[in-house]
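Residue-level listing of the chains:
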Amino acid sequence: AMNRELSGTASTQFLSRIEQIISGQPPRGSNVLLTLDPAVQKAAFDALGSYEGAVVALDPKTGRILALVTSPSFDTNTLAAHDSKAVNSAYDALLAEPTNPLWNRATGDSLNPPGSTFKLVVASAALASGRYTPDSTFENPAAYVLPGTSQTIHNFDGGQCGPGDTVTLATALRLSCNIPMAQLAVQLGADAIRDEAEKYGFDKSFDIPLTTRASSYPAAPMNDPRTALTGFGQDNVKASPLQMAMVSAGIANKGVVMNPRMVDRVVATDLTVQKTFEDTQFGRALSEKDASTMTTMMIANVRDGAASGARIDGVDVAGKTGTAEHGPGDPYTLWFTGFAPAADPQVAVAVMIENGGGLG
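It should be emphasised that the depicted structure is a prediction, and the values quoted were computed from it without experimental measurement.

Parameters at a glance
Residues numbered from 1 in each chain as written. Predicted model: local features only at pLDDT ≥ 70, side-chain atom pairs only at ≥ 80, totals over all residues. Heavy atoms only, no water. Helix = DSSP H or I, 4+ residues; strand = E, 2+ residues; numbered from the N terminus. Rg over C-alpha atoms; globule rule 2.2 N^0.38 Å. Buried < 20%, exposed > 50% of the residue type's maximum accessible area, 1.4 Å probe, protein only. Contact = heavy atoms within 4.5 Å. Areas by Shrake-Rupley, 256 points an atom, 1.4 Å probe, with all protein chains shown as cover. Lys, Arg positive; Asp, Glu negative; His and termini not counted. Charge placed at Lys NZ, Arg CZ, Asp CG, Glu CD. Core = buried A, V, L, I, M, F, W, Y, C linked by side-chain atoms within 4.5 Å. Axes fitted to C-alpha atoms, helices over the stretch in contact; angles between N-to-C directions. Parallel < 35°, antiparallel > 145°, perpendicular 65-115°, else oblique. Nonpolar A, V, L, I, M, F, W, Y, C, P; charged D, E, K, R; others polar. Pairing = 2+ DSSP bridges. Disulfide = S-S within 2.5 Å. Arc of directions from axis to C-beta. Salt bridge = Lys/Arg side-chain N within 4 Å of Asp/Glu carboxyl O.

Quick look at the overall build of the protein chain now. When its secondary structure is counted, the protein chain shows 11 helices and 14 strands. Taking 21 Å as the expected radius of gyration for a compact globule of 360 residues, we find that the protein chain reaches 22 Å, a close match to that expectation. Here the C-alpha coordinates of the protein chain stretch approximately 80 × 45 × 45 Å along the principal axes. Considering the protein chain as a whole, with its 360 residues, one finds that 48% of them fall into the buried category. For the protein chain, contacts bridging at least 24 residues in sequence account for 65% of all contacts bridging at least 6. Split by element, the accessible area of the protein chain, about 16,700 Å² in all, is 52% carbon and sulfur. A distance of 4 Å separates the average location of the 26 positive side-chain charges in the protein chain from that of its 36 negative side-chain charges.

Glancing now at the nonpolar core. Phe118 and Leu184 are the most contacted members of the largest nonpolar core, which has 62 residues in total. No other element matches helix H10 (residues 241-252), which puts eight residues into this core. Ignoring anything within four residues of it in the chain, the contact list for Leu184 reads Val122, Ala126, Tyr132, Phe138 and Leu169.

Glancing now at the packing of helix H5 (residues 119-129) against helix H8 (residues 190-200). Packing of H5 against H8 leaves a shortest axis separation of 9 Å and a crossing angle of 110 degrees. Between H5 and H8, the crossing angle belongs to the class labelled roughly perpendicular. Residues Val121, Val122, Ser124, Ala125 and Ala128 of H5 form the contact with H8, whose participating residues are Ala192, Ile193, Glu196, Ala197 and Tyr200. Of the residues assigned to the contact of H5 with H8, the class counts are eight nonpolar, one polar and one charged.

In space, the five strands of this open sheet follow the order E3-E2-E14-E13-E12, with antiparallel pairing throughout. Two strands bound the open sheet, and with one partner strand each, they are strand E3 (65-71) and strand E12 (318-324). Taken over all neighbouring pairs, the strand axes of this sheet differ in orientation by 5 degrees on average, direction set aside. Taken together, the seven bridges between strand E13 (residues 333-340) and strand E14 (residues 347-353) define a ladder with antiparallel strand orientation. Bridging from a neighbouring strand, Leu334 pairs with Ile353 of E14. Against the sheet, helix H3 (residues 38-48) touches strand E2 (53-58), E3 and E14, its axis set at about 25 degrees to E3.

Glancing now at the sheet that holds strand E1 (residues 31-34). Working definition: the strands of a sheet are paired by backbone hydrogen bonds and lie parallel or antiparallel to each other. Pairing is antiparallel across the open sheet formed by three strands, whose spatial order is E1-E9-E10. Lying at the two open borders of the sheet, with one neighbouring strand each, are E1 and strand E10 (273-276). The mean angle between the axes of side-by-side strands here comes to 20 degrees, regardless of whether they run parallel or antiparallel. Here E1 pairs with strand E9 (residues 263-267) via four bridges, running antiparallel. Each bridged residue has a counterpart across the sheet, and for Asn31 the counterpart in E9 is Val267.

Looking now at the state of the cysteines. Scanning the entire structure with this criterion turns up one disulfide. Here Cys161 pairs with Cys177 through a disulfide, and the sulfurs are 2.1 Å apart. Across the disulfide from Cys161 to Cys177, rotation about the S-S bond amounts to roughly 85 degrees, and the bridge is consequently right-handed. Here the residue Cys161 occupies a position in the loop between strand E6 (152-153) and strand E7 (166-168), and Cys177 occupies one in the loop between helix H6 (169-174) and helix H7 (178-188), the gap between them amounting to 16 residues.

Relative to E14, E2 runs antiparallel, the two being bridged by six bridges. Of the residues in E14, the one forming a bridge with Ala54 is Met352. Counted along the chain from E13 to the antiparallel partner E14, the turn is six residues long.

This brings us to H8. Residues Ala190, Ile193, Arg194, Glu196, Ala197 and Tyr200 constitute the buried set of H8. Buried residues of H8, seen end-on, are gathered within an arc of 165 degrees and therefore sit on one face of the element. A positive backbone phi angle near 120 degrees is found at Gly201, which sits one or two residues after H8.

Looking now at the pattern of salt bridges. The final tally for this structure, using the stated rule, is eight salt bridges. Here Arg105 and Glu354 are joined by a salt bridge, their closest N and O atoms 2.8 Å apart. Note that Arg105 is positioned in the loop between helix H4 (84-96) and H5 and Glu354 in the segment after E14, a separation of 249 residues in sequence. The two residues Arg105 and Glu354 agree in class, both being buried. Notably, a salt bridge pairs Arg261 with Asp264, separated by 2.8 Å at the nearest N-O pair. Of the residues examined, Arg261 reaches a relative accessible area of 10% and is grouped as buried. Among the charged side chains, a salt-bridge network with shared partners connects Arg64, Arg261, Asp264 and Asp279.

See the structure below:
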């Protein structure tokens, strides 16, 4: 993405190149300084291990990407040899690999349904509408027939979402229940959910400077049964780990979503700074008050809810899990997104594991 800067032929290096030509020097490329934190990047890479998936870590206040890892990976040196036959052979072998190591799963080469992590977007849309609070209630059956169909959906355990004939939005999010979120989605309507998703970055590609693939919410028109399924990140909702990290980062940053970026500056060989990349806002996804409310609900999710596996001793973590379905009998895609410390967020993350984590 920044080969011209590295090779010394970018527009910002014009004057340097003229000087080199006049003095008879060969072209000299500049250094591209990344936002990635090597320790964070290595921790994410090591944690992914042999899983097929990705990890993204962002600074929610700036949009700086601290880790961007995709797995399985490959040895780039095999494509940089001075033997074109060997390079082409290595490339063909990578193309033929069934696990697709050439895909950048972090930026969207393999978009997946976000499952229950998308409930954060739906809950945001509910709060932003002004018609709902964490105490808003929904009917609490163990089975729910999608409007106008004979198709029945269930919560993850096949039962009710906690005790009682009704359930609050806060409890539905904490226990990651599908039925109340499906009801909420129908009440909100697809247009309101889509509008909120787009405020977090859905339906837009970003240059970080790698070009990312846009995450998507289904286009209009949408009927009620399909809208209900999007309430828990199914139907044709598709997302990248970068996008779901942006959702958590926007909530963490008091409702403001920052544009993600992976480069800090371009520096010449004489240490002259030729180009600086600034922090920029993508936009506001929700009010500071609603972001605080979302944070409180996400903390409960980790403290004693469906995301309790993300607890860290001595740190309030705000998070949300997701288990996304594909076709009947297909392995799930597994998700987590969140941020910490909740009171003063330093990092927002998204983790996505394909193929059921290798367990079918």
